[in-house]
Every structure is written in structure tokens, then in C-alpha cells.
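Summary of structural features
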Amino acid sequence: MVADMDGENRKRSICSRQEPLAAQKIVKDGNNKRDEIPDRVTLKKEIGLLSACTIIIGNIIGSGIFISPKGVLEHSGSVGLALIVWVLGGCIAALGSLCYAELGVTIPKSGGDYSYVTEIFGGLVGFLLLWSAVLIMYPTTLAVIALTFSNYVLQPVFPDCLPPYMATRLLSTVCLLFLTWVNCSSVRLATRIQDVFTVGKLAALGLIIVVGLVQICKGNYEGLTPQVAFEFSRTPSVGQVALAFLQASFAFSGWNFLNYVTEEVVEPRRNLPRAIYISIPLVTFVYTLTNIAYFSAMSPEELLSSNAVAVTFGEKLLGMFSVIMPISVALSTFGGINGYLFTSSRLCFSGAREGHLPSLLAMIHFKNCTPIPALLCCCTATIVILCIGETHNLINYVSFINYLSYGVTIAGLLYYRWKKPKLYRPIKVNLLVPVSYLLFWALLLGFSLYSEPVVCGVGLVIMLTGVPVYFLGVHWKTKPKCIYDFIESATYVAQRLCFVVFPQFDPIEISPIEEWPNKSSDTLSGNS
């Protein structure tokens, strides 16, 4: 899987074996119609402010708000504490997103956490984040969202029982394959789908919120009064509260995903931070009101016993129109799948460009300018996870790895400030922001490790399995010639099949601006 793209391997790449495909003609159909590859093949900047906001909102609002309320309530032990966890979860995501806004405009590369950590700490640490993300984190999250989609679509067909195992897997696979085809065909089409379905999922949550507010106006808010809301079914330990935050973090995961496609954002230094400032508060507000709506209609016992919280909510309050709810949730998760495919494929693309994954994954279609090999890799990994079995048990593993990568990245922000104090930073957040996030991060992971050592231990083991892979696949520069020949031949064949070439990059766009001794970033950013 991992290929070294430095030294001798670069010399033996396919561009040295054949005339570079960027200069060749590729047969497109059976009539021998040939199209010249454009002189410059590169990622297109087609993501404006609206699409940037919908990428963040669409990736955050996937299946989490329809799955995590049960886990948050179970671990927190009361309605009141569960609502506090949701609000604080949004605040923590806001702190993290402010730090990522600074990193995103200082190191304007696609790839998010991976690109920043690689730039700051070097190849090994970056590769470990990449390894855990590609191996388990994003395929599992995609699988959970796809299964949520299929469960809600099939719920009306099987009203009295759970949908069959094979039916949910087949529908999830069909959905993944279709959206992979869309993302391979056009960046513009993929972002338009994201725009439409983000509006749809906000409308679905808006329906839940409005119905809940109507219930409250009718006086059905006994469960939300302080006396009842803070009535604990059991006294939660600090470790249990930490696990409640991990469950909430799964619902908020995706707040950093715009950073994965920085190179495709129009005017990223302006639109990236704006999109973050708009999206995170909006999602936190919507999530909190959605949970208030749930608790206005359902008792804690009803919510904990429900396998589909939104469907149970609809059945109680919408009567004959309750079918609207599973359809709305299905549309929401459909948009979530599209967003995760779009952004996670760019992580594979960035990893290959740095030489940490096979070079094929760093290629894009010569005409559509889409990273087809990276998209196919993400789709295949997700289908494998779907076939393995139950994926919901992996949410805690994913949340732990997520939080671990966030903390390492934000710690890198502080180290980078110390390492390159004169580097021009269009945005420079107050020092209290990353410090506050890291304090919360350390407490959360510490108590999670104490409360669930097996879950957290497995997460660490998954990440550390990348160490030998890194040294064998990336660091080892003198591999036998037969390995290089095999990689070269396989890449060449795949390149022909997918019609992909290496893109051309503007170095100014993908490299951080070096020191500007005559300018003050504090003055330009307006922050201290």
C-alpha cells in the first residue's frame, strides 16, 4: 500500500519509463477518438464561500445527531447534563476550528491535520495520522453514515422489525458507488449535491426543532425543568462524562474538513476562516435545539430504548406524516456520505503527494481534474469495513483517534509559533484558544483512558501499527529493484485505465509563505 516516492523510486517512476502521459494522447472510446491532455492539469478552485460552508455543515451533520443523543444521554445520566455536554461540545469544536483557521491560511495545503503535522513534526508523525485515518477512521465513519442511510430508507419497508442485514449492506454499497461516480465525474456536481443536501438536512432538523418548540409552547416541557432535567438515573463518574463528550464529538466530527480541500477553495485566506466562523456556531445552535426538541417529546427511557431517535420522535408527534422523518434523515446522511467522500479522498491525494502513499493516488483525471484513484481507494476501504460486520461499536475507537489527532495538530500550532515566530500569519488566534483546547483535550483523553482502557488502547495500537509500515514503505530508500519495477508497472496500467496524470502545482499556492520581516501578523489579523 505504501510506496516510497523519494530517491531511486522517483527516478524509476512511470514518467521515466514512458513518455509522460501529460504529453501523450489518450484513447477515450472505441472510435479511436483522441483528446489532447490540456497543457496544465491541476485541481480547480471551484469552492466558494457558500460551498465551503456547506462542506463543513454537511460533513458535521451526517448521522451523528441521529445516533449520538442516545450515547450522550446514557453516559451523562441526566437530560440536563446531556444538554450541557452538547453545548460544550460545540464550544470545544469552535476553539479547535479557530486554531485550524490559523493553520489553514499559514500552511495552505490540502490534507488538513496530516499536512500540518507533516510540515511541523516531520514524516513519521504525519504518516501515523494518515495511517489511522485511511485504515480505520474515515472508512468506519463513512460506513456508519452509509448504514444509517440504509436503515432509515428501509425503515418504512420493515416497520415492525430491523431491516435485514444484507439489505442494509447492499443499499449502503450502492449509495457509496453512486456517490463515488459523481465525485469522479465532476467537482462542481459534487459540490452542488453537497449544497442541496445540506439545505435539506438543515430543513429536516428545522422540522424537528419547530415541532419540538410547538410542544414546549403547549406546555409539554416537564422533562426540561431543572428539577427533572438534573434527576440522575445514576451518578455519573468523570470517566462516564468523558465518554459522553466522545459520543458528542462523533456528532461534531467534520468541523475541520474544509482544511482538507484548501487548494480547491476560492480565495482560501478569506473564505476558509469565514466559513468556519459561520458554520460551527450554526451547527452548535441547531444541535442543541434538536436535543431540546427530542426531550420535549420523549422521556429519557424512550430515547434510550429507541434504535432510530428521529423516527420515534416523528411517530409520536407527526402521526400519518411520520414517514417524512426517515426520508429526511436519509437525505441528510446521503449528503454526509458525499461530503466525507469528497474530503477524505483529498487526504489520500495529499498523502500520496508527500510520498506516504502510492503515487497513483496523487493523480487526477486529465479532463475532469478529479482524484479518481483516491476516491476509488476510499470507496473500497469503506465497503471492506461494511463487510466486516457491526461498525457502531467502532465509534468510540474513531472518536478517540479523532481527538488524539486534533490535539497533536493544535499542539503543533504552538510549536510552529515557537519554531517560526516571524512567519507571516494572516490569522493569529489568541494564545488562550489553543491552550484552552489542549487542557480540555488532555483531561478528556486522560479520563477516557482511565474509564475505557481497552477502547483507548485499541485506538493507540491501530495508530502505532503504522510505525513499521512507515520504516519499511517510506523510510527504507534502498528497496530491491523488483519492488520498484512492480510498483511502476502497476501504476502505469492503473494510470491508463483511469485516464489520470500527475497534476501541476503552483508552488506559491501549496507552500507556506516564508518570513515577512517587515510586516506584523498581529497588526494584520487584528488579534494578539
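Note: the structure precedes this text.
Residues numbered from 1 in each chain as written. Predicted model: local features only at pLDDT ≥ 70, side-chain atom pairs only at ≥ 80, totals over all residues. Heavy atoms only, no water.

1. Considerations on the overall build of the protein
Scanning the protein from N- to C-terminus turns up 23 helices and four strands. The buried share of the protein, taken over its 528 residues, is 58%. For the protein, long-range pairs separated by at least 24 residues make up 84% of all intrachain contacts whose partners lie at least 6 apart in sequence. Total accessible area on the protein is roughly 21,200 Å²; 66% of this is exposed by carbon and sulfur atoms. (Helix = DSSP H or I, 4+ residues; strand = E, 2+ residues; numbered from the N terminus. Buried < 20%, exposed > 50% of the residue type's maximum accessible area, 1.4 Å probe, protein only. Contact = heavy atoms within 4.5 Å. Areas by Shrake-Rupley, 256 points an atom, 1.4 Å probe, with all protein chains shown as cover.)

2. Let's talk about helix α16 (residues 372-388)
The end-to-end C-alpha distance of α16, which contains 17 residues, comes to 25 Å, matching closely the 24 Å that a straight helix rising 1.5 Å per residue would cover. Listed in full, the buried residues belonging to α16 are I372, P373, A374, L375, C378, C379, T382, I385 and L386. Buried residues in α16 make contact with α7 (123-154), α8 (165-185), α15 (324-353), β3 (364-365), α21 (481-498) and β4 (500-501). (Expected span 1.5 Å × (residues − 1).)

3. Brief notes about the nonpolar core
Counting 135 residues, the largest nonpolar core has F66, I208, L258, Y287, Y294, I337 and Y403 as the members making the most contacts within it. Counting residues in each nonpolar core, the second largest holds eight residues, with L360, I372, L375 and C498 among its members. (Core = buried A, V, L, I, M, F, W, Y, C linked by side-chain atoms within 4.5 Å.)

4. With respect to the layout of surface pockets
Its boundaries defined by the atoms lining it, the second largest pocket holds a volume of some 360 Å³. Along its surface, the second largest pocket is lined by 22 residues, and V79, E231, S299, P300 and E301 are the ones closest to its centre. Listing elements by their share of the lining of the second largest pocket, those giving two or more residues are α4 (64-76), α10 (226-229), α12 (268-297) and α13 (300-305). For the lining of the second largest pocket, the leading source of residues is α13, giving three residues. (1 Å grid on protein atoms, 1.4 Å probe; cavity = no way out; pocket = protein on both sides within 12 Å on 5 of 7 lines; lining within 4 Å. Points joined across faces, edges and corners; volume = space filled by probe spheres on them.)

5. Focus: the packing of helix α5 (residues 79-106) against helix α11 (residues 238-252)
At a minimum axis separation of 9 Å, α5 and α11 run at an interaxial angle of 55°. Taken together, the axes of α5 and α11 lie oblique to each other. Crossing of α5 over α11 shows right-handed handedness. Seen from α5, the contacting residues are L81, V85, W86, L88, G89, G90 and A93; seen from α11, they are V241, A244, F245, A248, A251 and F252. The residue inventory of the contact of α5 with α11, partitioned by class, reads eleven nonpolar, two polar and no charged. (Axes fitted to C-alpha atoms, helices over the stretch in contact; angles between N-to-C directions. Parallel < 35°, antiparallel > 145°, perpendicular 65-115°, else oblique. Left-handed = near helix turned anticlockwise from the far one by under 90°. Nonpolar A, V, L, I, M, F, W, Y, C, P; charged D, E, K, R; others polar.)

6. Let's talk about the pattern of salt bridges
A full pass over the atoms with the stated rule returns six salt bridges. Across the salt bridge formed by K481 and D485, the nearest N and O atoms sit 2.7 Å from each other. One end of the pair is K481 and the other is D485, both in helix α21 and four residues apart, which spans about a single turn. For D485, a relative accessible area of 27% corresponds to the partly exposed category. (Salt bridge = Lys/Arg side-chain N within 4 Å of Asp/Glu carboxyl O.)

7. Quick word on unusual backbone geometry
The phi angle at C369 is positive, at roughly 55°, despite the residue not being glycine. Within the secondary structure layout, C369 lies in the loop between β3 and α16.

8. Let's talk about a nonpolar patch on the surface
Residues M320, F321, V323, I324, I327 and L331 make up a contiguous nonpolar surface patch of about 590 Å² in total accessible area. Structurally, L331 is set in helix α15. (Patch = residues over 30% accessible without salt bridge, like charges linked within 9 Å, V, L, I, M, F, W, Y side chains within 5 Å.)

9. Some thoughts on the packing of aromatic side chains
Following the criterion strictly, the structure yields 20 aromatic pairs and no others. Measuring from centroid to centroid gives 6.1 Å for F178 and W181, while their planes differ by 35°, and the two rings are tilted. Taken together, the residues F178 and W181, both in helix α8 and three residues apart, mark about one turn of the helix. Taken together, F149, F178, W181, F197 and F334 form an aromatic cluster joined through their ring pairs. Here the basic side chain of R346 rests over the ring of F342, its NZ or CZ set 4.1 Å away from the ring centre. (Phe/Tyr/Trp six-rings, centres within 6.5 Å; stacked < 30°, edge-to-face > 60°. Lys NZ or Arg CZ within 6 Å of the ring centre and 35° of its normal.)

10. Digging into the environment of C378
As for its position among the elements, C378 is in helix α16. Sequence separation between C378 and L347 is 31 residues, and the spatial gap between their C-alpha atoms is 9.7 Å. Excluding residues that lie within four positions of it along the chain, C378 makes contacts with L341, S344, S345 and C348.

11. Observations regarding the packing of helix α3 (residues 49-60) against α15
Relative to each other, α3 and α15 sit at 115°, their axes nearing to 8 Å. When the axes of α3 and α15 are compared, the crossing they make is left-handed. Residues I55, G58 and N59 of α3 form the contact with α15, whose participating residues are G336, G339, Y340, F342 and T343. Split by residue class, the contact of α3 with α15 holds three nonpolar, five polar and no charged.

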